[in-house]
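A look at the structure
Take a look at the letters that make up each chain.
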Amino acid sequence: MMAGDEITWHGLEDEQVCEVLAAYFEELEAGHGPDPRELIARHPEMESRLSEFFSARRMVSGLAKPDHERGFAATAIDAEPIAGRASSPFDGSPSVDKAAAEGYRILGDHLLLNAIKGGGMGLVYRAWHRSLRRVVAVKVVRSGQFATPAERRRFQAETEAVAALDHPNIVPIHDVGHDNGCDYYSMKFIEGSSLADRLGDFRDDPRGAARVVASVAQAIFHAHQRGVLHRDLKPSNILLDGDGQPYVTDFGLAKRAGDPELTVTGEVLGSPPYMAPEQTAGTRGCTTVATDVYGLGAILYALLAGRPPFRAGSVIETIDLVRSQPPAPPRRINPLVDLDLQTICLKCLEKDPDSRYPSARELSNDLQRWLGGEPIRARAASLSRRAYLWCRHPDRQKQSAFLAFLIGLYLCVFCMFGMTLVGSGVTACPNPPLQLLLLSCWLVPGYLPVVLWSWLARRGRWWAFCLGLVQSVVLLTVLSLFMLSLCSFGTQDLFVENPYERSFSHSSVFAIFLLLTLSFAEGTYSMFANRRCS
């Protein structure tokens, strides 16, 4: 007998039942045991006892599964759709025993047919409501009767949030219940698919994508008016029926105004590719209406580009991109995207919540203007804004440090080469010892520290950027004063006597020093900007 079969069940006093089950397990160990339904059909007089036993056995077997595989009183039927069953599996209202014999799970007045969606918080089943005689969707806490108090509070908060809403594009709740120690609620069953399954359908239909998001935005605005934040907007949480009408679902992370925060500081909830930057910090109370506006923009982006705004090899890398990098323009991925529609989408995805649309209604109205051929209110980011976003990218720190390192290395090699030429007498000069001294002063206190600071900055030492910036500004200032003295006071240049060659050489060195200063300045700015963001 398998580990999951070793259970004690007090309903086995009947000797005949024990004999039937003993024979069943012998056949099972031999590898040709009958299906439980066949066994029950062979012994109709024991239907009630056998059905109860196999139900208990499935539950105990489910406890041996990992948490991510175990659902409500986990059974094999939870994980697999029941093939060949109609939407109304019974002509009448069957008894519990008959339903169990047919392989259905019973939850209150519902027969659970098959699992249709699983998330981090709960499981959703297609179910048959026996009294109302219609198909519904039933959501239960993922861990069922073993749910923790925190999970029950979160499920209760979700139930109350959805029950407070009444909008044609939000999946409505039918009833709420508690059975077998498991909380659940039933809602309208949407015959169709989620947006996540149809991302490819909208790449060639940007207008269709705009219409869907405009409808969803109106539904989210309705929720906001009633003090409910969704906080987990993504394509898989938007259902499309047969007529293409969208429905918002899964308020598992929703929060109502005035309710206590159910998350703790540092706890990050949501789907990283669609999370707003402020959500990734895990700070209590950081989510606002702007967070859902960002989610709507992320959905629009996914419909237009066929992928989320940010996607990386790991969750941590994806979160880093969400926090620091602007998304690639949708037109770069899909040329069919109109420039104004791209502007609307990118406005929703601004890092700063204050730079997004002030409400979901404003987003919906702008999409309606675009669909109607009217001028939109959103404006594309200015050149300075794009420069700011480019500079704050975390990769710019390493790039700037590497460029400064190359410049410093070039200056060192150039200076040492000049010292070699002067010392060997290859280059004729009026005062070789003085020239060597000046070159040494540029090399040791000037160029070598540049190489050191840039190398340390590339290895992540934030203070090295500051020292490198100070060093490059000093070099630029000294060279500027030297050039000024040549022009104003006629100071003799010990290196170049020809005025044209002297002007060219000094201008070249000045340009190199200026590039070095800009490299350190950009790296310093990017470093401080990202430290402030994190």
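Our structure's up above, just so we're on the same page.
Predicted, not measured: the structure shown is a model, and the values here were computed from it. (Residues numbered from 1 in each chain as written. Predicted model: local features only at pLDDT ≥ 70, side-chain atom pairs only at ≥ 80, totals over all residues. Heavy atoms only, no water.)

**Concerning the nonpolar core**
Filter applied, for reference: Residues belong to one nonpolar core when they are buried, are Ala, Val, Leu, Ile, Met, Phe, Trp, Tyr or Cys, and are joined through side-chain atoms within 4.5 Å. Between buried and exposed lies partly exposed: a residue is buried under 20% and exposed over 50% of the maximum accessible area for its type, with that area taken using a 1.4 Å probe on protein chains only. Numbering goes from the N terminus for both helices and strands, where a helix is a DSSP run of H or I of at least four residues and a strand is a run of E of at least two. Pairs of residues are marked as contacts when any of their non-hydrogen atoms sit within 4.5 Å.
Residues Val248 and Leu367 are the most contacted members of the largest nonpolar core, which totals 54 residues. Among the secondary structure elements, those contributing two or more residues to this core are helix H6 (149-163), helix H7 (206-225), strand S9 (238-241), helix H9 (289-305), helix H12 (339-348) and helix H13 (360-371). With residues up to four places along the chain from it excluded, the contact list for Leu367 reads Ala210, Val213, Ala214, Leu300, Leu341 and Ile344. Ranked by size, the runner-up nonpolar core spans 24 residues in total, among them Ala401, Ala404, Cys415 and Val451.

**Brief notes about the side chain of Thr524**
Cut-off, in case you're wondering: The definition of a polar contact used here is a pair of N or O atoms within 3.5 Å, where within protein one atom must be able to donate a hydrogen and the other to accept one, and adjacent residues in sequence count solely through side-chain atom pairs.
Its location among the elements puts Thr524 in helix H18 (residues 499-533). Polar side-chain contacts of Thr524 include one of 2.7 Å to the backbone oxygen of Phe520. Residues in contact with Thr524, not counting those within four places in the same chain, are Phe465, Cys466 and Leu469.

**Section: the sheet that holds strand S5 (residues 173-179)**
Applicable threshold: DSSP-based pairing: two strands are paired if at least 2 bridges between them are found. Axis angles are defined between N-to-C directions and span 0 to 180 degrees, where every axis is a line fitted to C-alpha atoms and, for a helix, only to the segment in contact.
Spatial strand order, S1-S2-S3-S4-S6-S5: 6 strands in an open sheet with antiparallel pairing. A strand with exactly one partner marks an edge of an open sheet, and here the two such strands are strand S1 (105-107) and S5. Within the sheet, the average angular offset between the axes of one strand and its neighbour, ignoring direction, is 40 degrees. By the bridge criterion, 5 bridges tie strand S4 (residues 134-141) to strand S6 (residues 182-188) in an arrangement that is antiparallel. Its bridge partner being in S6, Val138 is matched across the sheet by Ser186.

**Observations concerning the pairing of strand S3 (residues 122-129)**
When you tally the buried positions in S3, you get 8 out of 8 residues, the bulk of the element. On S3, burial covers both faces: Gly122, Val124, Arg126 and Trp128 on one face and Leu123, Tyr125, Ala127 and His129 on the other are all buried. Sheet topology places strand S2 (residues 110-118) next to S3; 7 bridges connect them, and they run antiparallel. Along S3, the bridge assignment pairs His110 with His129. Where S3 and S4 come together, 8 bridges link them in antiparallel fashion. If you follow Leu123 over to S4, its bridge partner there is Val140. The hairpin formed by S3 and S4 contains 4 residues between the paired strands, and Arg133 there has a positive phi angle of roughly 55 degrees.

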